[in-house]
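Report on the structure
One-letter residues, chain by chain:
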Amino acid sequence: MAENEGPITGKLVRISGPMIAADDMLGVSMGEIVRVGKMGLMGEVIRIDGETAFAQVYEDTSGMYLGEPVVAQGDPLSVELGPGLLTQTYDGIQRPLHLLKESSGDFIGRGLSADPLDYSKKWTFTPKVTVGQEVSGGDVLGTVPETEHLDHFVMVPPLVSGKIKTIIAAGDYTVNEQIAELEDGTVLTMTHKWPVKRARPFKKKLASTEPFITGQRVLDSFFPIALGGSAIVPGGFGTGKTVVEHQISKYCNAEIIIYVGCGERGNEMADVLDEFPNLTDPKTGGPLMNRTVLVVNTSNMPVAAREASVYTGITLGEYYRDQGYSVAMMADSTSRWAEALREISSRLEEMPGEEGYPTYLSARTAEFYERTGRIACIESEDEGKEQRTGSLTLVGAVSPPGGDFSEPVTQNSMRVSGGFWALDAKLAYSRHYPSVNWNQSFSLYFHDLDPWFREHAPAGWTERRQQGVDMLQKDTELQEIVQLVGPDALQDAERLILEAARMIKEVFLQQNAFSDDDAYSSLDKTHGLLDAVLTFYEECQAALGRDVQLETILGHPIREEVARLRELNSDGFVAKKDAVMEQLKAAMQKLVEDAAA
Amino acid sequence: MTETADSDMLQKEYWDLSYITGPLVFLKNGGRFPTGAILDLTMDNGQIRQGQVLEATTSHAVVQILQGTQGIDIKGTAVSLRNESARVACSTDVIGRSFSGTGEPIDGLAPIVADEERDIVGEAINPVSRDKPNDFIETGVSVIDGFNTLVRGQKLPVFSGSGLPANELANMIVQQAQVRGDDEEFVVVFGAMGLTAREANYFLNSFEEGGQGSRVVSFINKADDPAIERLFTPRCALTVAEYLAFTKGYQVLVVLTDMTSYCEALRQISSAREEIPGRRGYPGYMYTDLSTIYERAGRIIGQKGSLTQIPILTMPDDDITHPIPDLTGYITEGQIVLGRSLHRQNIFPPVDLLPCLSRLMNNGIGEGKTEEWHRDWSNQLYASYARGRDVRKLMAIVGEDALTEVDKRYLAFTIQFEADMVGQGDTRRTLEETFALGWKLMGLLPKSELTRVDRELVEEKYTETNVEDFS
């Protein structure tokens, strides 16, 4: 069909769950969006065989007849980028859920469409370019206060360049009004579209030197990742993946949060929607929701849209990264996306790889994780102008079947992510949260970040961390002996190590997400607590060396004082801790004197 | 499924059968019926069976037959459209009635006059329409109320093993569940898949004896009923439940048992379709399929009603990593796990507390709902019990004498905790009684060990106890 005869239209010849096939589709391209059937369900072309196109459909396909029309839309799956994204809750294909509620009620109907951005809202635009200026992709045309605390930088879309012919005066405009025109006639508005499966361009990737602070002690201290880095959080059900993702999105030091609920629970999203507007952004003091975009595709929503949801999320993230912000994306859970790939692959009758997953799983995972990073943004180079940089950090939850980390999704993600925060069912069973296993987890960023910690974190950060890790290592070895011969066989010095390791676990590693005072731990508190426990150990060790009985030391009420430091708020923590450390020294001094007497 | 419009088009018969295998029939022409449609297959002898169109291509359509394919032949069987999709009759008249696994009355009473006929597949609740579940349901069971609180709109499954009393526990919850400070009664929707006649009778008799008979709707597919029907049973039950909860404003409690039979039926269809099997032969899309059942629990903003689910499943060989409990645990908001060793010790309910969890507990407890310190109280007992269990394991290796004094007290605590807190028998226990018992049990431990609870509270509540106090 020639182009001037309208869009390519074929007819359905196969319907199999989320996969359909249509004939007479010659000319349609891979990844192109099609509208399927009389209901106009949205789908994406994933295989072309002569005149037959196969597509995955983002909505439930039941009730359709063969022969119904399939209409190609001309573009691949794209998101619309511009002011008004923040505070929104989208489904996997960027339809605002609030608008879907208005059109179809409390349950989501089929074949609906809704504008991703509010086309009627007027934004206050302040131009930053002048007529005659040469601009290229990434250059800032002007700014819009998107929320009270955040300026949205309206950029020239990537791959566009030219000389400014007209630029609109400062004032209030909608996203679709022309704000600038280039000499070649290109009209620019505050919004542009970008295909989700294509990474947005950047100038170059930069080294990661600054940590992604999460406010979670075990992560910030033992397994920190960098701004622009990536980590995965694998864990069986009930180990607290979602709580970890929620905590990080509440307290981390990124300026923008993209939270993608991919194939997970509806009630959890209700929780986020209920909580985030009432929480305060620790950076700006505004509501947390003002720095957040939610992309929600719960497990009972159509399976093909899960894949779309993670790509939609990361593209939104890249867009804010390109404006020069630090962005953190949470993806809960990437396993559900992999399962969607598996389901579609099996309907296409592709040869399965490991555990039925398609063989391209690892390639797709790698491509996806590589979209993270700290970058120099694209923009035209001017002398004296400071290079704009942005970062995109990714924390992906992984749900391994049976909690077994040897499965393909965990293994593939582990190879390409720089942080591995393994959650442990046994710790969760004893209510040790966050249930991050200190023996299994790792971070590849520690050495890159060490200079930063030495400069900005409390003195002794790196040394104390290492001592803490060593103590836990010794504990692991001693526990093996205890399991064989019982605690009686250990010497007092060794039993003291067990006791100190237990305190590290209970006081330092555990963190109560539901306590107002402990949910967030500042670097000062994180370091202070570890320092307190290790000082306690050192003081006890010294007293033990001077003939004080181990039972006397451990039975002393000062131990509980140290343990209860955890309950203190991050503010004013240091002063209180210093006081307790004074008491500790005095108490041990007294014990030594008593023993000598 | 109920009869609907009988226009000529629906009546039109085709002799299209081409291939029969297991529970599936293939039709020669795929274009006649929409996917998801319910068909009538009329056999030579006048018998009628129902089937559902799973897949359609121009060359053929795949139909799963609800009542099995035994006796169907290619030459003499006619196909006609019965309904464009599987539907169930909804009306408040269903309360107190019993239906088959596909929604036909089996109590000998007249068919339901439907207020509305609804597609049993249902639509997803828009996440922004969901209201946060936060009404504490007092079940009278200590291990649930105290440690794994159930709230309205939650889905909390029971993971059982063969021979463990999951049905008794579910029944206890049904009989006793009540929202505090609210005397509204639940409507119970009971969906049974592959239940033995003995189990089905146990539930129905218990509902009757407990006086719940008049507020129970049951959908029953027994062990000897066609397996494929099981794929419809939970959806029929949930469609009616959604109607009662979100159209009529009832508080609905849905008990689904046994999800293991459901998953086996799913596997049967999958293997007949020659799909690539996932773990243990279950289809790769089982997670998605189960989520379309479990996710139908919840509350909706501005609506009075709620839908709470208690699915029961049997873990094959008590293995919690088996795909059925595993995928269920990834979807539901926690789980109650039964343990065989507790059952052997005659402890009822034999709940193995450590792997249990309620994700929505925090929404239902705390100041103004239960007690401000409920979370800390529970964490303290949980942590102490976990440590005590480790000590018990250690003791088995090194003997009791090798334990430290503190460890011995943990051991005593653990034994008493299982006997008293878990093993409450079939009596109802109020939340206050559960709390009091918890504090008393903490008295078995040294005061300095109680670091999870606020210090002032420990001072207020702690009294040292010993084992003799618990007889």
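Everything below is about the structure shown above.
Residues numbered from 1 in each chain as written. Chains lettered and ligands numbered in written order. Predicted model: local features only at pLDDT ≥ 70, side-chain atom pairs only at ≥ 80, totals over all residues. Heavy atoms only, no water.

1. Details of helix 8 (residues 408-416) of chain A
For clarity, the threshold we go by: Relative accessibility thresholds used throughout: buried, under 20% of the residue-type maximum; exposed, over 50%; partly exposed, between the two (1.4 Å probe, protein chains only). For the purposes of this entry, the term helix denotes a DSSP run of H or I that reaches at least four residues, the term strand denotes a run of E that reaches at least two, and both are numbered from the N terminus. Here, two residues are considered to be in contact whenever any of their heavy atoms come within 4.5 Å of each other.
Within helix 8 of chain A, the full set of buried residues consists of Pro408(A), Val409(A), Thr410(A), Asn412(A) and Ser413(A). Residues of helix 8 of chain A that are buried make contact with strand 21 (230-234), helix 6 (334-347), helix 7 (361-369), strand 26 (389-398) and strand 27 (419-420) of chain A.

2. Quick word on the nonpolar core
The following threshold applies: The term nonpolar core refers to a set of buried residues drawn from Ala, Val, Leu, Ile, Met, Phe, Trp, Tyr and Cys, joined through side-chain atoms within 4.5 Å.
Ranked by size, the top nonpolar core spans 221 residues in total, and within it Phe212(A) and Phe417(B) carry the most contacts. Looking at this core, the element that brings in the most residues is helix 13 (residues 523-545) of chain A, giving 11 residues. Look past the residues within four positions of Phe417(B) in its chain and what remains in contact with it is Phe147(B), Leu353(B), Leu381(B), Tyr385(B), Val422(B) and Leu441(B). If you look at the next biggest cluster of nonpolar residues, it comprises 57 residues, including Val79(A), Ile93(A), Ala338(A) and Val409(A).

3. A closer look at the interface of chain B and chain A
In many analyses, interface size is given as the accessible surface area lost on bringing the parts together. As a reminder of what qualifies: Put simply, buried area is how much 1.4 Å-probe accessible surface two parts lose in total, over both of them, once they are put together. The salt bridge definition used is simple: a Lys or Arg side-chain nitrogen within 4 Å of an Asp or Glu carboxyl oxygen. Polar contacts here mean pairs of N or O atoms no more than 3.5 Å apart (in protein, one a potential hydrogen donor and the other a potential acceptor; neighbouring residues in sequence count only if both atoms are side-chain atoms).
Listed as interface residues are 84 residues of chain B and, on the opposing side, 80 residues of chain A. Across the chain B to chain A interface the summed buried area is about 6600 Å²; carbon plus sulfur atoms make up 52%. Here Arg559(A) makes a salt bridge to Glu449(B), at a shortest N to O gap of 3.7 Å. Where chain B packs against chain A, one counts 34 residue pairs in polar contact (both at pLDDT 80 or more). Here the element with the most residues in the side of chain B that touches chain A is helix 11 (residues 374-398) of chain B; it accounts for 11 residues.

4. Remarks on empty space enclosed by the protein
Residues and elements named next belong to chain A. Definition in use: Think of a 1 Å grid over just the protein atoms. A cavity is a set of points where a 1.4 Å probe fits yet cannot get out, a pocket is an open set with protein on both sides within 12 Å along at least five of seven lines, and lining residues have an atom within 4 Å of a point. Grid points are joined across faces, edges and corners, and a volume is the space filled by probe spheres set on the points. Residues are grouped as follows: Ala, Val, Leu, Ile, Met, Phe, Trp, Tyr, Cys and Pro are nonpolar; Asp, Glu, Lys and Arg are charged; every other residue, Gly included, is polar.
In total, this model carries five cavities of 30 Å³ or more according to the counting rule given. Thr334, Trp337, Ala338, Leu341, Leu361, Thr365, Tyr369, Val409 and Ser413 together form the lining of the largest cavity. Going through the elements one at a time, helix 6, helix 7 and helix 8 are the ones with two or more residues in the lining of the largest cavity. The element contributing the most residues to the lining of the largest cavity is helix 6, with four residues. Residues of the lining of the largest cavity, tallied by class, amount to six nonpolar, three polar and no charged.

5. A short note on the pattern of salt bridges
Throughout the structure, instances matching the rule amount to 68 salt bridges over all chains. Residue Lys385(A) is joined to Glu379(A) by a salt bridge in which the shortest nitrogen-to-oxygen separation is 3.8 Å. Classification of Lys385(A) by relative accessible area gives partly exposed; the value is 37%. A network of salt bridges, in which partner residues are shared, links Glu499(A), Arg502(A), Glu506(A), Arg559(A), Arg387(B), Asp407(B) and Glu449(B).

6. Brief notes about the state of the cysteines
To keep it simple, the criterion reads: Whenever a pair of cysteine sulfur atoms sits within 2.5 Å, that pair is classed as a disulfide.
Within the structure shown, the criterion is met by zero disulfides over all chains. Not engaged in a disulfide, the cysteine Cys377(A) finds its nearest cysteine sulfur in Cys252(A); these two sulfurs lie 18 Å apart. With no disulfide of its own, Cys356(B) lies closest to Cys263(B) among cysteine sulfurs, the gap being 20 Å. By relative accessible area, which is 1% here, Cys356(B) ends up buried.

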